[in-house]
Amino acid sequence: MELDYTLILDIIGVIAFSISGVLAALRKRMDAFGILIIAFVTSIGGGTIRDILIGAPVIWMTQMIYVYVIIATTILAVIFRKKLAFLRKSLSLFDSIGIGLYTVIGIEKGLKYGFSPEICIAIGTISACFGGVIRDTLCNEIPSIFKNEVYATACILGGVSYFIFLKLNFPNGLIFFLAGMTVILIRLAAVVFKISLPSIYKKEENIEDYW
Amino acid sequence: MELDYTLILDIIGVIAFSISGVLAALRKRMDAFGILIIAFVTSIGGGTIRDILIGAPVIWMTQMIYVYVIIATTILAVIFRKKLAFLRKSLSLFDSIGIGLYTVIGIEKGLKYGFSPEICIAIGTISACFGGVIRDTLCNEIPSIFKNEVYATACILGGVSYFIFLKLNFPNGLIFFLAGMTVILIRLAAVVFKISLPSIYKKEENIEDYW
Amino acid sequence: MELDYTLILDIIGVIAFSISGVLAALRKRMDAFGILIIAFVTSIGGGTIRDILIGAPVIWMTQMIYVYVIIATTILAVIFRKKLAFLRKSLSLFDSIGIGLYTVIGIEKGLKYGFSPEICIAIGTISACFGGVIRDTLCNEIPSIFKNEVYATACILGGVSYFIFLKLNFPNGLIFFLAGMTVILIRLAAVVFKISLPSIYKKEENIEDYW
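Residues numbered from 1 in each chain as written. Chains lettered and ligands numbered in written order. Predicted model: local features only at pLDDT ≥ 70, side-chain atom pairs only at ≥ 80, totals over all residues. Heavy atoms only, no water.

Here we come to the overall build of chain A. Secondary structure summary: chain A contains seven helices and zero strands in total. Listing each helix as α and each strand as β along chain A from the N terminus yields α-α-α-α-α-α-α. The principal-axis extents of the C-alpha atoms in chain A amount to approximately 50 × 50 × 35 Å. Out of the 211 residues in chain A, the part that is buried amounts to 55%. If you sum the accessible surface of chain A, you get close to 9,500 Å²; carbon and sulfur atoms cover 68% of it. (Helix = DSSP H or I, 4+ residues; strand = E, 2+ residues; numbered from the N terminus. Buried < 20%, exposed > 50% of the residue type's maximum accessible area, 1.4 Å probe, protein only. Areas by Shrake-Rupley, 256 points an atom, 1.4 Å probe, with all protein chains shown as cover.)

Written as structure tokens, this is what we have:
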């Protein structure tokens, strides 16, 4: 039963990521196929890299539900694209749930395959973030998560919290829930209060000068 | 004997893709090594992603013929680059044969590894299209197949036709031939009659307005 | 004991590549996390692609030393970024040692997994060069190694020398040393004497004219 619950949350993440892919592709005026591919890589890119890195079978290739959800979301998002503005705030919510869940699922998959905590945190963060990195690269942009957003930071902190809760001998389901919530709340707080990482650059600093 | 015939067609595809890679690299004024690498990734990028996704050994790493053909094609294409304009129409033909063949080979490889029809069609389309996606990404362009070309669409329709012919119990060789021809003819028709997908954008529609 | 010596040289390569990643990310004014990720992919991107292609476990996922060195280097490079100009020449040296070592390690890993000499040279070159390719792609630039630099060329020539020394029945350690030095010296000579590949373009030649 818990599996189904996870699947539902996972699907919410896929939907949110697909919509963000559709929007990025629409902005570049891609054709119908381009939009579908961008939605696809945004949703499953992170998980694909995760599975290739750890040597596991690539998940969307054996669980058809992902492909169907992405196709349906893409069609609906294109048709109702004018209405998406109203969804903007809920989208941040879905997206935050998505990265929270992807981070923890990635960590647990890493643990199952015998990797160390540090590597598991990296795997979780990659699962959550690299779909967006591929999306932006294919759209010929510098990946947005590299530019002043508390996004990967939320995943990393949530990942650290996972191993703290594990050390404290919390039960498994609770660790999953608490670490996922840590990611989600940090990310949501950053969106709501417009928090960004402290800049490492001084005003008018020009790196070219040093080099 | 059929295997040799497939290999010949496969080599034609590799040549066509290598030439398109050389041309893209020349336009960006890359050096000799850059041109070779772009020719290489354009030719074998799609197949490499296919093999990594399905967990198969990467084909060009064990069959040296690919590497030799790509190197020879690149050298000849650079030397005779002024003459390539005359090849333009034949190139579209070679290229279409290439994607037709790559699509069907990808589908059959997917079936051999036990994937479902939908995933096999995705695998075939990725085999045929992602070499060009990597080529354009490394050349710092938005992948051309995402912009109003009946390219991946031809692969997807050909892939669907493959499973229709399979359902009709056609013999294996005939299915291979008919599905490949479906891809090739749709792609060639699009090139010859300058057909593109119907635009999903209204005139002067600005996606930024909604968001 | 030789293993430790190799590890030390390997770490020097990782440090040099991390610093080049940090500098590229600083130029794009990325945030702290973006800088870390770029340092990471520059250092371990080539080796990751190598391991995925040959079907080996990805090395940095089981040897934590890489992750720690990259994180420490990134933090120090960001803090002391004004001082890096003084390191510029030593950096070329470190970087050259890095690609020399990565090339030979890649070749030997390829041989261990049973690949042919040509493919092993390709694997070595990919190990040494593709970290930089991913770095530049994520920074939305055309990869610098594709543009008139004797970089991959040094790796390929060093790789060829490896198999010449092997044919001459030199002892293993000596082959490793000589082939690595070939890469390093060609690369350093190109940097010091500002050598680049002969241009294949005629003055004011415009490839668009042919096409």
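From this point, things continue past the structure.
Overlaying chain C with chain B gives an RMSD of 0.0 Å, the required rotation being 120° about an axis along which the chain moves by 0.0 Å. The transformation relating the two chain copies, once decomposed into turn and shift, fits a three-fold axis. No C-alpha of chain C approaches the rotation axis more nearly than that of Asn140 of chain C, which lies at 3.8 Å. Looking at the interface residues of chain C, only 9% of them are also at the interface in chain B, so each copy uses its own face. (Least-squares fit on C-alpha atoms with pLDDT ≥ 70 in both. Contact = heavy atoms within 4.5 Å.)

So, about the interface of chain C and chain B. Counting from both sides, the interface comprises 33 residues of chain C and, opposite them, 34 residues of chain B. Seen at the junction of chain C and chain B, the total is three residue pairs in polar contact (both at pLDDT 80 or more). Listing elements by their share of the side of chain C that touches chain B, those giving two or more residues are helix H2 (32-54), helix H5 (117-138) and helix H6 (152-167) of chain C. (Polar contact = N/O pair within 3.5 Å; in protein donor to acceptor, adjacent residues only side chain to side chain.)

To continue, consider the UniProt feature "transmembrane region" (unreviewed entry) in chain A. Residue and element names in this part refer to chain A. Mapped onto this numbering, the UniProt entry gives "transmembrane region" (unreviewed entry) at residues 6-26, 33-53, 59-79, 119-138, 150-168 and 174-193. For the annotated span residues 33-53, helix accounts for 100% and strand for 0% of the residues, and the straight-line distance between the end C-alpha atoms is 28 Å. Summarising residues 150-168: 84% helix, 0% strand, and an end-to-end C-alpha distance of 27 Å. (UniProt positions renumbered as here; feature names shortened; annotations may be inferred.)

Contact with chain B, which involves 34 residues of that partner, is made by 34 residues of chain A. A buried area of about 3,100 Å², summed over both sides, lies between chain B and chain A, and 69% of it is on carbon and sulfur atoms. Seen at the junction of chain B and chain A, the total is zero salt bridges. The interface formed by chain B and chain A includes three residue pairs in polar contact (both at pLDDT 80 or more). Of all elements in the fold, only helix H2 (32-54), helix H5 (117-138) and helix H6 (152-167) of chain B reach the threshold of two or more residues within the side of chain B that touches chain A. If one sorts the elements of the side of chain B that touches chain A by residue count, H5 of chain B sits on top with eight residues. Its residues assigned to classes, the side of chain B that touches chain A comprises 21 nonpolar, six polar and seven charged. (Buried area = accessible area lost by both parts, 1.4 Å probe. Salt bridge = Lys/Arg side-chain N within 4 Å of Asp/Glu carboxyl O. Nonpolar A, V, L, I, M, F, W, Y, C, P; charged D, E, K, R; others polar.)

Right, let's get into the state of the cysteines. All names here are of chain B. Scanning the model with the defined rule gives zero disulfides over all chains in all. With no disulfide partner, Cys155 has as its closest neighbouring cysteine sulfur the one in Cys129, 4.0 Å distant. In this structure Cys155 comes out as buried when scored by relative accessible area, which is 0%. (Disulfide = S-S within 2.5 Å.)

The next thing to look at is the packing of H5 of chain C against H6 of chain C. Residue and element names in this part refer to chain C. Contact pair H5 / H6: the axes reach a minimum separation of 9 Å and the direction vectors enclose 145°. Pair H5 / H6 crosses with right-handed handedness. Contact residues: Pro117, Cys120, Ile121, Thr125, Ala128 and Cys129 in H5; Ala152, Cys155, Ile156, Gly159, Val160 and Phe163 in H6. When grouped by side-chain class, the residues that make up the contact of H5 with H6 number ten nonpolar, two polar and no charged. (Axes fitted to C-alpha atoms, helices over the stretch in contact; angles between N-to-C directions. Left-handed = near helix turned anticlockwise from the far one by under 90°.)

Applying a rotation about an axis and a shift along it to one chain copy brings it onto the other copy. Mapping chain B onto chain A is achieved by rotating through 120° and translating by 0.0 Å along the same axis, at an RMSD of 0.0 Å. A distinct binding surface is used by each copy, with only 9% of the interface residues of chain B retained as interface residues in chain A.

A separate point is the packing of aromatic side chains. All names here are of chain A. Per the counting criterion, the structure on display carries 13 aromatic pairs over all chains. Taken together, a centroid distance of 5.1 Å and an interplanar angle of 85° make the contact between Phe40 and Trp60 edge-to-face. Of this pair, Phe40 sits in helix H2 (residues 32-54) while Trp60 is found in the loop between H2 and helix H3 (65-79), placing the two residues 20 residues apart along the sequence. Relative accessible area serves as the criterion here: at 3%, Trp60 is assigned to the buried category. Relative to Phe163, the ring of Tyr162 lies with its centre 5.3 Å away and its plane at 65°, an arrangement referred to as edge-to-face. Residue classification places Tyr162 among the buried positions, given a relative accessible area of 4%. With a relative accessible area of 14%, Phe163 lands in the buried category. (Phe/Tyr/Trp six-rings, centres within 6.5 Å; stacked < 30°, edge-to-face > 60°.)

Residue and element names in this part refer to chain A. At their nearest, the axes of H2 and H3 sit 10 Å apart, and the two run at 130° to each other. Classed by the angle they form, the pair H2 and H3 counts as oblique. Of the two elements, H2 crosses H3, and the hand of that crossing is right-handed. Of H3, the residues touching H2 (which contributes Ile35, Leu36, Ala39, Phe40, Ser43 and Ile44) are Val67, Ile70, Ile71, Thr74 and Val78. Class assignment for the residues of the contact of H2 with H3 results in nine nonpolar, two polar and no charged. (Parallel < 35°, antiparallel > 145°, perpendicular 65-115°, else oblique.)

This part takes up the side chain of Thr137 of chain C. Structurally, Thr137 of chain C can be placed in helix H5. For Thr137 of chain C, a relative accessible area of 14% translates into the label buried. In this structure the side chain of Thr137 of chain C is engaged in a polar contact, spanning 2.8 Å, whose partner is the backbone oxygen of Val133 of chain C. Setting aside its immediate chain neighbours within four residues, Thr137 of chain C contacts Thr137 of chain A, Thr137 and Leu138 of chain B together with Pro143 of chain C.

On to H6 of chain B. The α-helix winds at 3.6 residues per turn, so residues separated by three or four positions along the chain end up facing the same way. All names here are of chain B. For H6, spanning 16 residues, the distance from its first C-alpha to its last is 23 Å, which sits close to the expected 22 Å at 1.5 Å a residue. Those residues of H6 not exposed but buried are Ala152, Thr153, Ala154, Cys155, Gly158, Gly159, Ser161, Tyr162, Phe163 and Phe165. Within two residues after H6, Asn169 carries a phi angle of roughly 60°, on the positive side. (Expected span 1.5 Å × (residues − 1).)

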